[in-house]
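# Results of the structural survey
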Amino acid sequence: MSITNVLYSRSKFLENVNDFLESHALSDWCIISIDIERFKLFNNWYGQEAGDILLTNISQYLLRIQQMKGYLAGYFGGDHFFMCIPDDDQLINLIYKTIRSYIGIHSQNEGFLPIIGIYSIPDDHPDVATMCNNAQLAGSDIKGNFNKRISYFTDEIINQLEKEQQMIHDVTVGLENKEFPFYLQPKCNSETGAIVSMEALSRWISPVRGFVAPGEFIPFLENNGMITSLDTYIWDAVCQTLSYWKHDHLYVVPISINVSVTDIETINDLDADVVNLFQCIKDDPDKIASMVYASPYSKVLYEQQFSAIADDPYEKALSFLIKCWMGHGFRTSGYKSGWKNDVH
């Protein structure tokens with residue numbers, strides 16, 4: 001017997017809860033969402049059949065509560081269950097412990113635990129779909145926290161999500177408006193005091209937020225998968241700066257840039273030169289580093305040594321790097337094809 005045949009479907013649950021709330025003068029009731037942490041991994045480890053048995057056991061348990069107490073229970077697909085029940089700590093903890101015991105039949109691994117999110121129904125409550133969504137947001141807020149498995153929805157959860165969404169928007173606009181300059185931190189010869197290299201450090205100067213500390217925006221970009229957008233923006237800016245220096249016959253030293261594992265894994269729409277360069281860095285960073293330190297900086301030496309097309313991937317990577325150093329650079333083209341060499 002399928003789960004959808006024993007519990008209310010999403011549409012039926014929303015309809016019945018709405019009718020129930022309209023016909024009863026309720027106080028201290030709530031909507032709860034129930035999910036299983038890492039349920040897809042549970043299926044991979046113990047098999048689809050074990051996962052189906054677990055979901056069936058949960059659904060039959062919730063159905064018994066519905067039939068005995070007159071509460072409402074629904075199944076929204078996957079491992080997502082919802083109930084409309086009294087806001088009672090003992091009842092909610094009993095539901096949690098019972099579902100946890102069903103998981104324990106198959107696994108004693110602490111990673112597979114129920115998550116219960118709770119939305120307390122106010123007198124001027126929103127529509128049922130919104131309340132279910134808020135209950136699920138409360139549960140999502142504690143995913144990965146194995147010391148806290150039951151959580152109530154608060155306005156702070158929505159406020160934090162809105163802040164994050166606004167930050168994503170502001171970063172995107174900031175990159176377009178060139179709000180991310182880089183500062184150069186010199187590295188000097190301890191004996192002579194001469195600058196031998198520099199490191200590019202990104203900063204954010206927002207017309208709305210003001211000066212945003214790196215400790216605030218960089219971890220945010222890393223956690224939200226946007227760090228590569230910033231890194232490639234800085235790469236482009238550094239290459240342009242080197243190009244300007246060379247064009248004006250200024251003193252030029254190497255500038256270090258950040259290239260993270262995330263960048264290498266994320267950027268899969270580059271031209272062959274950049275793909276090859278990243279692959280060489282990933283496979284044997286020491287080899288490419290030794291070649292870089294021994295490479296010529298003179299344009300004449302470059303043209304003499306690298307005029308022929310190289311077959312070795314590391315020689316190709318070195319050739320591409322020196323092209324960048326000579327002021328050619330590389331930048332995003334703005335098209336789906338991704339990247340191009342921008343030869344001046």
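Figured I'd write up the structure that's included with this text. Values in this document were obtained by computation on a predicted structure and should not be read as measured data. (Residues numbered from 1 in each chain as written. Predicted model: local features only at pLDDT ≥ 70, side-chain atom pairs only at ≥ 80, totals over all residues. Heavy atoms only, no water.)

### Digging into the pattern of salt bridges
- Scanning the entire structure with this criterion turns up 2 salt bridges.
- Among the salt bridges present, the one from E37 reaches R149, with a minimum N-O distance of 3.0 Å. Taken together, the positions of E37 in the loop between β1 (29-36) and α2 (39-46) and R149 in the loop between α5 (128-140) and β5 (150-152) put the pair 112 residues apart, joining distant regions of the chain. Taken as a pair, E37 and R149 share a single burial class, namely buried.
- For the salt bridge of R209 with D170, the shortest nitrogen-to-oxygen distance reads 2.9 Å. Residue R209 is located in the loop between β8 (204-206) and β9 (210-212), and its partner D170 is located in helix α6 (residues 155-176); the two are separated by 39 residues in the primary sequence.
- Here R209 falls in the partly exposed class, since its relative accessible area comes to 32%.
- Given a relative accessible area of 13%, D170 falls into the buried group. (Salt bridge = Lys/Arg side-chain N within 4 Å of Asp/Glu carboxyl O. Helix = DSSP H or I, 4+ residues; strand = E, 2+ residues; numbered from the N terminus. Buried < 20%, exposed > 50% of the residue type's maximum accessible area, 1.4 Å probe, protein only.)

### Focus: unusual backbone geometry
- Backbone geometry at K178 places phi at a positive 60 degrees, although glycine is not the residue there.
- The topology assignment puts K178 in the loop between α6 and β6 (182-188).

### Thoughts on the packing of aromatic side chains
- For the coordinates displayed, the defined rule picks out 17 aromatic pairs.
- Between the aromatic rings of F20 and W29, the centroid separation amounts to 5.3 Å while the plane-to-plane angle is 45 degrees, which identifies the pairing as tilted.
- By relative accessible area, W29 is classed as buried at 14%.
- Note on F180 and W204: the rings are 5.0 Å apart at their centroids and 20 degrees apart in plane angle, and the pair reads as stacked. You can see F180 sitting in the loop between α6 and β6 and its partner W204 sitting in strand β8, a full 24 residues away along the chain. Pair check on accessibility: F180 and W204 agree, each one buried.
- One aromatic cluster is present, formed by F39, F42, W45, Y46 and F112 through successive ring pairs. (Phe/Tyr/Trp six-rings, centres within 6.5 Å; stacked < 30°, edge-to-face > 60°.)

### Remarks on the packing of helix α1 (residues 10-23) against α5
- Where α1 contacts α5, the axes come no closer than 9 Å and their chain directions differ by 110 degrees. Comparing the axis directions of α1 and α5 gives the class roughly perpendicular. In contact with R10, F13, L14, V17, N18 and L21 of α1, α5 contributes V128, A129, M131 and C132.
- In the contact of α1 with α5, the residues fall into 8 nonpolar, 1 polar and 1 charged. (Axes fitted to C-alpha atoms, helices over the stretch in contact; angles between N-to-C directions. Parallel < 35°, antiparallel > 145°, perpendicular 65-115°, else oblique. Contact = heavy atoms within 4.5 Å. Nonpolar A, V, L, I, M, F, W, Y, C, P; charged D, E, K, R; others polar.)

### Some points on the sheet that holds strand β3 (residues 81-86)
- Within the open sheet, the 5 strands sit side by side as β2-β3-β1-β4-β5. Their pairing is mixed. Each end of this open sheet is capped by a strand with a single partner; those strands are β2 (72-75) and β5. Within this sheet the neighbouring strands show an average axis-to-axis angle of 20 degrees, counted without direction.
- Pairing geometry for strand β4 (residues 114-120) and β5, over 3 bridges, is parallel. Of the residues in β5, the one forming a bridge with I116 is I150.
- Where α1 meets the sheet, it contacts β1, β2 and β3, and its direction lies at approximately 160 degrees from that of β2.
- Set on the sheet, α5 makes contact with β1, β3, β4 and β5; between it and β4 the angle comes to about 135 degrees. (Pairing = 2+ DSSP bridges.)

### A closer look at the nonpolar core
- Counting residues in each nonpolar core, the largest one holds 53 residues, and the members touching the most others are I31, I32, L62, I85 and I95.
- Top contributing element to this core by residue count: helix α3 (residues 48-69), with 8 residues.
- The contacts of I85, once residues within four sequence positions are left out, are W29, C30, I32, Y71, L91, I92 and I95.
- In terms of nonpolar packing, the next biggest core, distinct from the first, is built from 22 residues, F182, A200, F220 and L242 among them. (Core = buried A, V, L, I, M, F, W, Y, C linked by side-chain atoms within 4.5 Å.)

### Structural notes on the pairing of β6
- Pairing between β6 and strand β7 (residues 195-202): 7 bridges, direction antiparallel. Within the sheet, the bridge partner assigned to L184 lies in β7 and is A200.
- The hairpin turn running from β6 into β7, its antiparallel successor, is 6 residues long, and G193 in that turn takes a positive phi close to 80 degrees.

### Section: helix α7 (residues 214-223)
- Burial in α7 covers these residues: F217, F220 and L221. Down the axis of α7, the sector holding all buried residues measures 95 degrees, keeping them to one side. Opposite the packed face of α7, turned more than 90 degrees from it, sit the exposed residues G215 and N223.
- Tucked inside the fold, the buried residues of α7 contact α6, β7, β8, β9 and α8 (227-247).
- One or two steps after α7, the chain reaches G225, where phi turns positive at roughly 70 degrees. (Arc of directions from axis to C-beta.)

### Observations concerning a nonpolar patch on the surface
- Together, L41, W45 and Y46 give the surface a local cluster of nonpolar side chains, amounting to about 290 Å² of exposed area.
- Of note, Y46 is situated in helix α2. (Patch = residues over 30% accessible without salt bridge, like charges linked within 9 Å, V, L, I, M, F, W, Y side chains within 5 Å. Areas by Shrake-Rupley, 256 points an atom, 1.4 Å probe, with all protein chains shown as cover.)

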